[in-house]
Amino acid sequence: ERNYKVTLLPGDGIGPEIMDVAVNVMRAVGAREGIKFEFTEKLLGGAALDATGVPLPDDTLAACRASHAVFLAAIGGYKWDSNPPHLKPETGILGLRAGLGVFANLRPAVVLPQLADASTLKREIAEGVDIMIIRELTGGIYFGKPRGFGVNESGHRCAYNNMVYSTPEIDRIARVGFETARKRQGPLCSVDKANILEVSQLWRERVTAIGKEEYPDVQLSHMYVDNAAMQLVRNPKQFDTIVTGNLFGDILSDISAQLTGSIGMLPSSSISESGPGLFEPVHGSAPDIAGKDKANPLAQVLSAAFLLKYGLGETKAADLIEAAVSTALDKGYRTGDLMSSGKTLVGCKKMGEILLESLETTSPVT
Ligand code: IPM
Ligand code: MN
């Protein structure tokens, strides 16, 4: 029997509600596939701030490091928005990413056939979109030093951040990009701002070199980030795999999430060189609907599938979860964010029950 330690970080807002649904789904699929999970719940973000005074307690990071995979819901809320930087829930996430060394963040944007009308783009533009954005997650301007507030030569208050990438950092994320594109049998587009930034010139040079030396079979192109943002809404189907730095990836992944019309559907996985991966939905903690049983748990559930697939190598269990989500959508069940005429409106809990039923009736993909 396979036995996995999974650290749960429900976090803030809708986090605990959607985590509940996803964990029940994992237990059910585990029982069916002979997989045992040892779940340990820990504090992160606002919940941790309230209980311990810091957004990432030491024992949370220690538990995460000692597990096979880390399963995060969402963090943040109005309550902590005006805290100083070191006491913001978001700082807890950055510390967790750095502490786990999860340098590669995979964010898919897939327009499911059942949901093509949820996109704000015309159906013919959105239908069939299937993009994988690979965002560098532990470097760039998010972490560059020096950073801070100061006073400039004219005596004005100023603030500064520094965008830095070293060749090993670029090389390893480039390889994840090429490997992913190769598996998907599609082209790789590297996004930068090489017309302006030295850091992007080095980025482009290294990505080109890695491509030539190690992945001559993968078609590589380069695009400036401003153009990439425009192309993503003009003609998203030109993209297959995108690899880019931390800040550009943050922005482009929100754009591509909106292409699907349903950020509540998108999972993500963040992987390190050897330790446990971090799995979480792309969306945030939605404090406005927290505790109202209105949240869409599907991104969290699909993140559980990513955890199984990319974190534990349990592909069959992951496929079962994805099939159950598909079945629930086929049957017309929708949470409020995806509701349209002719569909059945359900809450978060109810969607969870429907998934458990679907799991029972879905035959395993063999
Ligand atoms: C994301 C979020 C985070 C980021 C915040 C919450 C730190 O926007 O995961 O995309 O900017 O990376
Ligand atoms: Mn973001």
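Quick caveat: nothing in here was measured; it's all calculated off a predicted structure.

Draft legend 1. Region of interest: the sheet that holds strand 8 (residues 188–192). With respect to topology, 10 strands assemble into an open sheet ordered 2-1-3-12-11-4-5-10-8-9, the strand pairing being mixed. At either end of the open sheet lies a strand with only one pairing partner, and these are strand 2 (35–41) and strand 9 (220–224). In this sheet, adjacent strand axes meet at a mean angle of 25° when their direction is disregarded. Bridging between strand 3 (residues 69–74) and strand 12 (residues 277–281) involves three bridges; their strand directions are parallel. Looking at strand 12, one finds that Val70 is bridged to Leu278. On top of the sheet, helix 8 (residues 225–234) reaches strand 8 and strand 9; it is set at about 100° to strand 9, its chief contact.

Draft legend 2. View of the domain arrangement of the chain. The domain boundaries assigned to the chain delineate domain 1 (1–103 + 272–366) and domain 2 (113–262). Computed from C-alpha coordinates alone, the two centres of domain 1 and domain 2 are separated by 25 Å. If you look at the interface, domain 1 gives 12 residues, while domain 2 gives 14 residues. Those elements that place two or more of their residues in the side of domain 1 that touches domain 2 are helix 4 (89–100) and helix 11 (315–330). Element by element, the count of residues in the side of domain 1 that touches domain 2 is highest for helix 4, at three residues. Considering only residue class, the side of domain 1 that touches domain 2 consists of seven nonpolar, two polar and three charged.

About the cut-offs
- Within every chain, residues take consecutive numbers counted from 1 along the sequence as written.
- Chain letters and ligand numbers both follow the written order, the letters beginning at A and the numbers at 1.
- Thresholds applied to this predicted model are a pLDDT of at least 70 for local features of residues and 80 or more for the giving and counting of side-chain atom pairs; totals over whole chains, interfaces and linings are not thresholded and use all residues.
- Strands were regarded as paired on the criterion that DSSP finds at least two bridges between them.
- Segments assigned H or I by DSSP are reported as helices when at least four residues long, segments assigned E as strands when at least two residues long, and all are numbered from the N terminus.
- In this analysis, axes come from line fits to C-alpha atoms, helices being fitted only over the stretch in contact, and the angle between any two N-to-C directions falls in the range 0 to 180 degrees.
- Here the contact rule is simple: place C-beta atoms from the backbone, and any two residues whose C-beta atoms are within 7 Å are in contact.
- Here the bounds of each domain stem from an automatic or database domain assignment.
- Each residue is assigned to one of three groups, with Ala, Val, Leu, Ile, Met, Phe, Trp, Tyr, Cys and Pro labelled nonpolar, Asp, Glu, Lys and Arg labelled charged, and all others, Gly among them, labelled polar.

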